[in-house]
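Fold and contact review
Listed below are the residues making up each chain.
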Amino acid sequence: MIGILTLLLVGGFLTPLFYRRWGDRTASRLALLPALSFLLLVGMGGSMSGQGGIHLISLTWIPELNFTLSFALDGLSLLFALLITGIGAFVVWYSGAYFDGDPTGCRFVMVLMLFMASMLGVVFADHVIVLFIFWELTSFTSFLLIGHNHREEAARKAALQALLVTGAGGLFLLAGLLILARAGGSYELSSLITNTSLPAHPLFNEAIALILVGAFTKSAQVPFHFWLPNAMQAPSPASAYLHSSTMVKAGVYLLARLHPLGVESWLWSDVVAPIGALTLFTGAVMAYGQVYLKRLLAYTTVSALGGMTMLIGFGSPAAAKAAVVFLLAHALYKASLFLVAGIIDHETGEKHIDRLGGLRTLMPWTALGAGLAAVSMMGLPPTLGFLGKELLYAADRGLVYLSISVLAGMFFVYVAYRTGVRPFVGLHRVTQKPGHEAPPAMWAGPMTLGGLSILLAVFASVTGKWIVAPAAQAVLGEPTAIKLVLWHGWNRELMLSLLTLGLGVAAILLVRPVSRLFSPVSRAAVIGPDAWYRAGLKGIQQGSVGLTRILQSGYLRAYIDSIVLFILLTAGWHFLGKVPFPGFAELHAVDINDLILVSLLFVAIAGALLSRSRMAAIASLGVIGYGIALIFVLYGAPDLAMTQMVIETLTVILLVLAFYHLPKFALRSSRPARIRDFALATAVALFTGAMTYAASFGEIAPPISWFYSENSWLNAYGKNVVNVILVDFRAMDTLGEITVLTVAALGAMALLKLRIGGQKGGGS
Amino acid sequence: MNGLLIAPVLLPLLLGILSLLLWHHVRAQRVIAVAGTGLLTLLSLRLLIGIYRHGIQVVHLGNWEAPFGISLAADLLGAIMVVLASITGFAIALYSVGANERQRECFGYYPLVHILIMGVNGAFLTGDIFNLYVWFEVMLMSSFVLLALGGEKPQIEGGVKYMALNFFSSVIFLTAVGLLYGVMGTLNLADLAVKVRGTESTGMLVVIGCLFLASFGIKAAIFPLFFWLPASYHTPPPAVSGLFAGLLTKVGVYAMIRLFTLIFTPDLVHLHGLILGLAALTMVTGVLGAAAQFEFRRILSFHIVSQIGYMILGLGLFTPLALAGSIFYLMHHIIVKTNLFLIAGIVHYRFGTGELKSLGGLYKTAPWLSLLFLIPALSLAGIPPLSGFFAKLLLVMAAVDIHAWGMIATALGVSLLTLYSMTKIWNEAFWKDAPTPPPPARTDQSTILMMIPVILLATITVVIGFGAGPVFRLALAAANQLMNPSDYIHAVLGVSP
Amino acid sequence: MELLMAIVVGLLYGGGLFLMQRRNLVKFIIGLAMLSHGANLLIFTAGGLTRGAPPLIGEGETLPPALHADPLPQALILTAIVISFAVLAFALVLFLRAYQTTGTDDLDDLRSTDT
């Protein structure tokens with residue numbers, strides 16, 4: 001398994017190198033890689049059935065987190081892996097011809113190969129984190145492929161939409177998987193699904209619900225289905241591969257994988273099955289009335305995915321068997337039809353169904369491939385489509401589900417006719433390009449896959465034994481006797497099949513009445529999830545602009561307000577609640593010098609605040625500085641006082657020099673603004689004052705400064721303790737301080753001299 | 001070992017002085033910058049390896065025993081941060097040489113970069129709260145000058161706000177330090193940790209904790225204190241914004257983690273719930289701010305804010321796994337964010353604009369740059385298996401462990417919006433056709449040299465992603481050191497608490 | 001005296017903040033300066049006030065007088081004074097340049113880099 005993954009990953013990453021060497025022939029050679037993988041997988045499948053049907057590999061990764069690179073191969077993952085590599089080989093081959101002469105082909109094939117590896121990773125993974133990693137990679141490669149024609153806005157938008165929808169689902173999935181893993185005590189899917197105590201865990205249903213969201217977005221279930229039709233912006237090979245036969249089935253895969261565990265949850269029968277049925281219905285109805293080949297097919301893909309989801313939701317062995325057959329049938333015929341749509345588009349330049357006709361003479365092989373696939377899609381015997389439909393009816397769960405299934409079957413007949421038959425029969429119509437048969441690289445895929453649809457049905461017992469039974473057993477988590485038979489006799493299912501067919505023919509013939517019948521549903525879709533998505537995106541856009549305009553207003557004072565309020569609400573709040581007021585007992589007495597000094601400071605502060613003249617404000621600031629210096633003198637800090645004096649003098653000089661160049665004060669703020677600011681400033685004053693007071697008495701531990709006094713002379717040989725601290729005990733601070741000073745000087749100089757884009761031009 | 005511990009501070013100082021002496025020799029300054037930061041990276045890596053093998057390293061400067069002198073103490077977190085700072089410095093030095101901003105280089109650009117790194121490293125290594133303040137100032141002063149250097153109008157306007165609010169933050173820091181000394185009588189972090197654990201009356205400590213939270217919160221740019229960042233980070237030359245984006249806010253985050261694991265622990269002050277709330281609001285307002293922007297570097301600036309939320313989310317959750325997530329996030333983010341700013345710079349140099357409206361067609365004209373953009377951009381959005389995925393995964397796992405559902409929803413939702421933002425840039429600048437008339441491509445300057453650091457950082461991003469195991473082991477070891485402060489205390493004070 | 005000092009500290013913080021809320025660059029600077037003064041005085045007060053006796057060791061002595069002012073806050077304040085002076089001086093030059101490049105000293109007009 002790991003060998004196959006590595007092979008495809010390396011092949012993908014080296015694609016540009018191959019292209020440099022082989023040019024447009026590269027794709028046909030690269031297709032051998034998935035083909036080889038397919039053969040290897042067939043071999044593994046053959047040998048596996050002998051040894052209990054499961055094959056595990058585990059490599060250490062992050063043991064501290066119980067992360068291992070563990071992979072498992074059982075019937076279910078084998079079926080998916082065969083589809084991925086088998087269809088993949090044809091699609092890669094096809095892409096070479098599709099992009100013949102187009103330089104973007106290299107990029108396309110590279111991403112396609114990487115997608116293939118990621119998708120295989122999803123179905124191989126046993127560790128949930130490994131699964132998630134590959135899951136996200138499929139989303140991302142899908143983004144790149146949908147946006148392949150990135151110069152078109154529609155393609156970019158569709159790519160973004162698919163990425164966001166599946167990405168959002170992915171995050172739900174991650175949360176769900178993590179909760180599930182935590183509840184189950186293991187990250188290994190193989191042990192989680194056999195954990196019988198897990199369903200009793202209080203978070204079990206929540207985890208399953210989260211995982212379901214992930215699976216539903218990926219598999220385009222209502223209401224997340226809308227991204228898939230839009231994803232048809234991708235080149236046809238990508239649509240055939242990712243958006244019909246493989247990636248969109250990842251959600252179905254996940255549901256099938258978790259089936260043994262999931263059926264224990266009420267969500268399974270009450271949510272999964274109804275959502276699946278709803279999707280089955282919606283997709284089918286919406287398909288009716290589509291006129292573009294690929295969109296038409298896309299809606300039936302949605303519908304088919306709904307069908308598979310519904311079947312898994314039923315939770316019965318019969319339903320599991322039906323789901324597996326349906327899945328296989330759908331993958332084969334839908335990939336074919338998409339590839340055919342790509343051929344038609346490529347060769348004739350037409351995407352509109354009504355402008356096509358009579359192509360069978362021009363492209364006989366393509367017509368044959370399309371016909372085979374269409375027959376299977378219609379559910380005619382002897383095809384897989386027929387088998388799938390019979391089993392679907394057999395897995396019946398009541399009238400509502402049954403009628404939805406029949407109704408969807410009717411539309412399937414219609415769509416199969418419109419896409420697989422209609423363009424090739426009737427009168428030939430003139431198209432944009434004259435149209436001729438595609439190269440074998442392109443029709444080989446539809447031909448083979450369409451042929452397989454019949455072949456696998458004809459040899460139903462072999463298919464049943466080697467493909468369906470192991471997969472269904474893996475879904476159910478227990479060995480079950482499963483046999484596949486093409487002919488059941490004249491039973492109820494056959495009658496229903498005939499009814500479906502009849503309705504389908506009616507739908508083809510009576511387009512107008514039928515479409516009128518279902519038009520409310522299509523019209524309701526206009527206000528459906530696609531519109532919600534757009535509205536949501538727009539809402540986020542506008543909301544964030546509005547919010548940011550309020551928050552990031554550009555007003556410095558608003559920012560300061562925000563900070564101050566934050567402090568008052570956190571620190572201030574705790575201060576009021578938790579800090580006891582120390583009282584006035586231990587106060588130092590106030591002498592007359594203190595009083596004079598403090599009064600002077602009050603006056604100076606008032607002056608600085610109120611003065612209308614710049615010089616007066618600066619003078620007040622100077623007085624504050626000198627006043628503080630005097631406090632330092634009074635309270636045993638002569639060095640500090642000296643420094644303060646010098647610095648204050650320098651500051652004042654600088655201010656005066658600078659203000660010489662600046663305009664006079666102007667009264668700008670409004671009265672309410674000043675009142676508001678004053679209130680805030682008062683609160684801050686009270687808070688800081690009270691804090692200072694509380695701290696000066698709130699000593700919890702005695703200061704460490706005795707050490708400096710004791711060691712200043714004896715060990716550091718200095719008489720001035722403060723100076724000794726600065727140059728010796730805490731010399732690092734002083735180093736930093738000098739650095740700051742130097743940088744400031746350097747910066748001021750540079751700022752004054754260097755003016756890029758200014759009037760004076762640059763420096764030296 | 002002692003030399004190695006001091007080197008991250010002293011080497012940049014020496015480089016700075018040397019560059020100052022060679023004022024007129026820009027060429028020589030360039031050589032010194034690249035070689036010096038390269039050497040610094042090697043030395044700091046050796047320091048990290050040494051600490052990983054032998055435990056926390058401490059140097060008492062001037063041989064004055066702790067808590068009386070200033071001690072440098074490097075645990076794993078500190079050493080990791082120093083390594084990241086050095087790598088960023090190295091990348092920026094290379095990039096600056098390539099960017100060739102001659103005028104700025106003549107006016108002390110390189111000395112300033114060295115001094116900035118000195119300040120940052122000092123902050124990461126110091127074991128003393130006031131010394132931390134001093135290093136913050138060294139870092140901030142150099143950043144003020146670097147931000148304004150050149151004197152272009154947006155630089156000056158952004159500079160005013162940057163300076164004003166950061167100065168305010170410093171005053172709050174100083175206030176908190178003053179109060180802390182007033183009640184605890186010591187400045188050494190380990191000594192503070194010991195004394196704080198012995199006290200009953202925690203009221204004042206909570207208040208002081210809030211003040212530190214505000215001060216570091218401004219520097220780390222958390223909600224509602226981040227406004228200086230989006231106002232200024234897009235204005236200086238790309239190399240400078242890359243340096244700032246990578247390092248400056250993370251010093252704030254580091255300081256927060258350090259203080260709120262060592263001193264203001266949850267059992268002592270109940271502020272971690274508040275931190276969680278702030279983390280969520282920071283993530284959301286940041287990412288919405290980014291959604292509202294249509295200029296390359298402005299989008300990225302808001303994303304810094306948003307990402308800071310994730311980093312302090314781990315601190316708020318306060319489990320070993322959560323802290324390991326935060327540390328993993330720091331490692332991932334510094335590399336990725338610096339890189340994105342550098343790439344935005346290359347785009348700016350080549351097309352003269354960062355407005356998404358006037359950009360386009362880069363996918364065609366600059367395919368390699370496109371690929372190099374995708375790596376950090378997807379990593380930032382958390383696409384596996386790149387570094388950002390594991391960073392977010394660890395935090396979400398930690399949140400699952402303690403059933404913090406709101407946090408999980410926020411973290412995941414914000415990561416989706418981040419993906420949206422990155423795709424927006426991708427669609428507009430890279431995928432969309434160039435508008436007509438196309439922006440005038442500047443041919444006077446080659447951006448080849450500037451690609452080297454971008455490639456280097458992108459490689460590191462990929463390595464962190466694919467080597468998530470060993471990187472996580474390192475982060476977890478660092479987190480365990482933080483969760484058990486007794487090792488740190490013992491290493492610094494020589495006694496067990 | 002602690003009470004009076006605390007009031008002065010409070011006034012310096014409040015006043016500084018009030019000035020920083022003005023739209024005028026010059027007032028803003030003065031506000032910053034007042035705030036720094038406030039912070040220095042706060043450290044001084046919170047560290048404990050001791051009247052008289054500076055932490056100096058006299059001629060022939062090995063220890064400072066028994067009851068002397070705590071030298072550590074003084075050392076911190078000294079460092080802080082110099083640092084805030086450096087920052088303030090640079091801020092002054094920056095604001096001067098802001099006035100010269102934008103032609104306004106009204107902070108409300110300096111909003112172009114925000115939105």
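Predicted, not measured: the structure shown is a model, and the values here were computed from it. Within any chain, residue numbers begin from 1 and follow the written order of that chain's sequence. Whichever chain is written first is A, and whichever ligand is written first is 1; the rest continue in order. With pLDDT at 70 or above as the cut-off, local features in this predicted model cover only qualifying residues; side-chain atom pairs require 80 or more to be listed or tallied, and sums for whole chains, interfaces and linings still use all residues.

Numbering goes from the N terminus for both helices and strands, where a helix is a DSSP run of H or I of at least four residues and a strand is a run of E of at least two. Within chain B, the regular secondary structure consists of 21 helices and two strands. For this measure, only C-alpha atoms enter the radius of gyration; the expected value for a globule follows 2.2 Å times N^0.38, where N is the number of residues. In terms of C-alpha radius of gyration, chain B reaches 21 Å, essentially the compact-globule figure of 23 Å for 497 residues. Over its C-alpha atoms, taken along the principal directions, chain B stretches across nearly 70 × 55 × 40 Å. Counts of 20 or more other C-beta atoms within 10 Å of a residue's own C-beta define buried residues, counts of 12 or fewer define exposed ones, and intermediate counts define partly exposed ones; C-beta atoms are placed from the backbone. The buried share among the 497 residues of chain B stands at 73%. The contacts of chain B with a sequence gap of at least 6 include a subset with a gap of at least 24, amounting to 81%. By definition, residue pairs are in contact when their C-beta atoms, positioned from the backbone, come within 7 Å.

It is worth spelling out the overall build of chain C at this point. Along its length, chain C carries three helices and zero strands. Secondary structure elements of chain C, listed N to C terminal, follow the sequence α-α-α. Based on the C-alpha atoms only, the size of chain C along its principal axes is roughly 65 × 30 × 20 Å. Sorting the 115 residues of chain C into buried and exposed places 76% on the buried side.

Moving on, we get to the interface of chain A and chain C. Across the boundary between the two partners, chain A contributes 85 residues, which contact 79 residues of chain C. Listed by contribution, the elements that provide at least two residues to the side of chain A that touches chain C are helix 25 (556-578), helix 26 (592-610), helix 27 (614-634), helix 28 (638-659), helix 29 (671-697), helix 30 (706-714), helix 31 (721-729) and helix 32 (731-753) of chain A. Ranked by residue count, the leading element in the side of chain A that touches chain C is helix 29 of chain A, at 13 residues. Charged means Asp, Glu, Lys or Arg here, nonpolar means Ala, Val, Leu, Ile, Met, Phe, Trp, Tyr, Cys or Pro, and polar covers whatever is left, Gly included. Split by residue class, the side of chain A that touches chain C holds 51 nonpolar, 22 polar and 12 charged.

With that out of the way, let us pick up the interface of chain B and chain A. A common measure of how large an interface is: the accessible area buried when the components associate. The interface is formed by 85 residues belonging to chain B together with 81 residues belonging to chain A. Take the side of chain B that touches chain A: its biggest share by element is 11 residues, from helix 6 (residues 129-148) of chain B. When grouped by side-chain class, the residues that make up the side of chain B that touches chain A number 57 nonpolar, 21 polar and seven charged.

Turning next to unusual backbone geometry. Cis geometry marks the peptide bond from Val-222 of chain A to Pro-223 of chain A, where omega comes out at 5°. Inspection of the secondary structure puts Pro-223 of chain A in the loop between helix 9 (204-218) and helix 10 (227-230). The residue after Phe-223 of chain B, namely Pro-224 of chain B, is reached through a cis peptide bond having omega -5°. With respect to the secondary-structure elements, Pro-224 of chain B resides in the loop between helix 9 (203-220) and helix 10 (228-232).

For the rest of this paragraph, the subject is the confidence of the model for chain B. Across chain B, the average pLDDT comes to 92, with 98% of residues at or above 70. Taking the mean pLDDT of every element in chain B, the minimum, 84, falls on helix 4 (residues 102-105) of chain B and the maximum, 96, on helix 5 (residues 109-125) of chain B. Within a predicted model, pLDDT stands for the predictor's per-residue confidence, ranging from 0 to 100.

We now examine the environment of His-330 of chain A. Residues and elements named next belong to chain A. Along the polypeptide, His-330 turns up in helix 16 (residues 317-348). Assessed through the 28 C-beta atoms surrounding it within 10 Å, His-330 is described here as buried. A sequence separation of 16 residues divides His-330 from Phe-314, and the C-alpha atoms of the two residues are 19 Å apart.

Residue and element names in this part refer to chain A. What counts as an axis is a line fitted to C-alpha atoms, over the stretch in contact for a helix, and the angles between N-to-C directions run from 0 to 180 degrees. In the contact formed by helix 16 and helix 20 (residues 440-458), the axes pass within 8 Å of each other and the chain directions differ by 155°. It follows from the interaxial angle that helix 16 and helix 20 lie roughly antiparallel. Classified by chirality, the crossing of helix 20 by helix 16 is left-handed. Seen from helix 16, the contacting residues are Ala-329, Leu-332, Tyr-333, Ala-335, Ser-336, Leu-339, Val-340 and Ile-343; seen from helix 20, they are Met-442, Trp-443, Gly-445, Pro-446, Leu-449, Gly-450, Leu-452 and Ser-453. The class makeup of the residues in the contact of helix 16 with helix 20 is 12 nonpolar, four polar and no charged. Roughly parallel means an angle under 35 degrees; roughly antiparallel means over 145; roughly perpendicular covers 65 to 115; every other angle is labelled oblique. Left-handed describes a crossing whose near helix is turned anticlockwise from the far helix through less than a right angle; right-handed describes the clockwise counterpart.

What follows deals with the environment of Arg-429 of chain A. All names here are of chain A. Within the secondary structure, Arg-429 sits in the loop between helix 19 (399-421) and helix 20. The class of Arg-429 is partly exposed, set by 15 C-beta atoms lying within 10 Å. Along the chain, Arg-429 and Leu-356 lie 73 residues apart, while their C-alpha atoms are 5.9 Å from each other. Excluding its chain neighbours within four sequence positions, the residues that come into contact with Arg-429 are Arg-355, Leu-356, Gly-357 and Gly-358.

Confidence along chain C averages 89 in pLDDT terms, with 99% of residues attaining 70 or more. Scoring of the predicted complex yields 0.94 for pTM and 0.95 for ipTM.

This next bit is on the packing of helix 7 (residues 153-184) of chain A against helix 18 (residues 405-431) of chain B. Running from N to C, helix 7 of chain A and helix 18 of chain B point in directions that differ by 160°, and their axes come no closer than 10 Å. Classed by the angle they form, the pair helix 7 of chain A and helix 18 of chain B counts as roughly antiparallel. Two packed elements cross with a definite hand, and for helix 7 of chain A against helix 18 of chain B that hand is right-handed. Contact with helix 7 of chain A, carried on its side by Arg-156, Leu-160, Leu-163, Leu-164, Gly-167, Ala-168, Leu-171 and Ala-175 of chain A, involves Ile-408, Leu-412, Ser-415, Leu-416, Leu-419, Tyr-420, Thr-423, Asn-427 and Trp-431 of chain B of helix 18 of chain B and no other residues of that element. Across the contact of helix 7 of chain A with helix 18 of chain B, the residue classes tally to 12 nonpolar, four polar and one charged.

Here the expected span of a helix is defined as 1.5 Å times the quantity of residues minus one. The terminal C-alpha atoms of helix 24 (residues 529-551) of chain A, which comprises 23 residues, lie 32 Å apart, in line with the 33 Å expected from a rise of 1.5 Å per residue. Those residues of helix 24 of chain A that fall on the buried side of the exposure criterion are Ser-544, Thr-548 and Leu-551 of chain A. In this fold, the buried residues of helix 24 of chain A make contact with helix 12 (272-291) of chain B.

All names here are of chain A. Tracing the sequence through the fold places Phe-140 in helix 6 (residues 128-146). Using a count of 24 C-beta atoms within 10 Å as the deciding quantity, one classes Phe-140 as buried. Along the primary structure Phe-140 and Ser-118 are separated by 22 residues, whereas in three dimensions their C-alpha atoms are 9.9 Å apart.

Residue and element names in this part refer to chain A. Bridging between strand 1 (residues 55-62) and strand 2 (residues 67-73) involves seven bridges; their strand directions are antiparallel. Bridge pairing in strand 2 places Ser-58 opposite Ser-70. At least two bridges found by DSSP between two strands are what make those strands a pair. Adjacent in sequence and paired antiparallel, strand 1 and strand 2 are bridged by four residues, among which Asn-66 carries a positive phi angle near 60°.

Our focus in this paragraph is helix 16 of chain A. Residue and element names in this part refer to chain A. Relative to the 46 Å expected for 32 residues at 1.5 Å per residue, helix 16 spans 46 Å between its end C-alpha atoms, a close match to the ideal helical length. In terms of burial, helix 16 is largely enclosed, as 30 of its 32 residues are buried. Taken from the residues just after helix 16, Gly-349 is the one with a positive phi, measuring 80°.

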